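One letter stands for each residue in the lines below.
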Amino acid sequence: MIDRDITLTCVSESVGGNYVGNARWQGTLLAPILRRAGVHRGADQIVMRDVHGMTIGVATDPVMDGRDSLLAVAMNGQILPQAHGYPVRVVVPGLYGYVSATKWVVDMELTTFDAFSA
């Protein structure tokens, strides 16, 4: 488990809006898990599915490039609240939420952007 202070913002955020927030996220790094599972050459997208069946696709490179992309299970020292994705969510620093911040994650698939449109 590691802690990282990460700001998330929505692509719809306007100056002075409510769609941006900071938190201290606790979890495990996602890249080592994916490496262990095996990232096949050419897999340029990670499709993440939530408990409701929604899919979000994130490019593989930002998750694997050394930034601290997390499978987060806690926020600000507390178990992850339901509204923020309990029991586990993805947090990828530097990307808007609609392409990286899947809440309530139940499945991930390594694929290509040509093969699947999230």
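For the structure, see preceding data.
Position numbers for residues start from 1 in each chain and track the written sequence from start to end. Given that this is a predicted model, residues contribute local features only at a pLDDT of at least 70 and side-chain atom pairs are listed and counted only at 80 or more, while totals for whole chains, interfaces and linings are drawn from all residues. Computation of side-chain values covers all heavy atoms of the structure but excludes hydrogens and water.

Asker: Break down the pairing of strand 5 (residues 70-75) for me, citing the residues and quoting the values.
Answerer: Note on classification: 1.4 Å probe, protein chains only; a residue is buried when its accessible area is under 20% of the maximum for its type, exposed when over 50%, partly exposed between these limits. Each helix corresponds to a stretch of at least 4 residues labelled H or I by DSSP, and each strand to a stretch of at least 2 residues labelled E; elements are numbered beginning at the N terminus. Of all 6 residues that make up strand 5, 5 are buried, and the element is covered over most of its length. One ladder, built from 5 bridges, connects strand 2 (residues 20-29) with strand 5; its direction is antiparallel. Considered in strand 5, the bridge of T28 is made with L71. Strand direction decides the pairing type here: strand 5 and strand 7 (residues 89-91), joined by 3 bridges, are antiparallel. Bridge pairing in strand 7 places L71 opposite V90. In the sheet, strand 5 pairs with strand 6 (residues 78-79) via 2 bridges, with the strands oriented antiparallel. Residue pairing across strands places M75 opposite Q78, the latter belonging to strand 6. Any two strands are treated as partners once DSSP identifies two or more bridges connecting them. Here strand 5 hands over to strand 6 after 2 residues, with N76 in that stretch at a positive phi of 55°.

Asker: So what's going on with the layout of surface pockets? Residues and values would help.
Answerer: A volume near 390 Å³ is recorded for the largest pocket. Here a cavity is any set of points on a 1 Å grid over the protein atoms alone where a 1.4 Å probe fits but cannot get out, and a pocket is any open set with protein on both sides within 12 Å along at least 5 of 7 lines; a residue lines the site when it has an atom within 4 Å of a point. Surrounding the largest pocket, 21 residues form its lining, L8, H84, R89, A101 and K103 being those nearest its centre. Contributions of two or more residues to the lining of the largest pocket are made by strand 1 (2-9) and strand 2. Top contributing element to the lining of the largest pocket by residue count: strand 2, with 5 residues. Looking at the lining of the largest pocket, its residues break down into 13 nonpolar, 6 polar and 2 charged. Grid points are joined across faces, edges and corners, and a volume is the space filled by probe spheres set on the points. Throughout this entry, Asp, Glu, Lys and Arg are counted as charged residues, while Ala, Val, Leu, Ile, Met, Phe, Trp, Tyr, Cys and Pro are counted as nonpolar. The remaining residues, Gly among them, count as polar.

Asker: Help me get a handle on the packing of aromatic side chains, residues and values and all.
Answerer: The geometry of an aromatic ring pair is captured by two quantities: the separation of the ring centres and the angle between the planes. We call Phe, Tyr and Trp rings a pair once their centres come within 6.5 Å, taking the six-membered ring for Trp, and we label the pair stacked below 30 degrees between planes, edge-to-face above 60, and tilted otherwise. What the rule picks out here adds up to 0 aromatic pairs. Across from the ring centre of F116, 5.5 Å away, lies the NZ or CZ of R49, which sits over that ring. Two conditions define a charge sitting above a ring: the NZ of Lys or the CZ of Arg must be within 6 Å of the ring centre, and it must be within 35 degrees of the ring normal.

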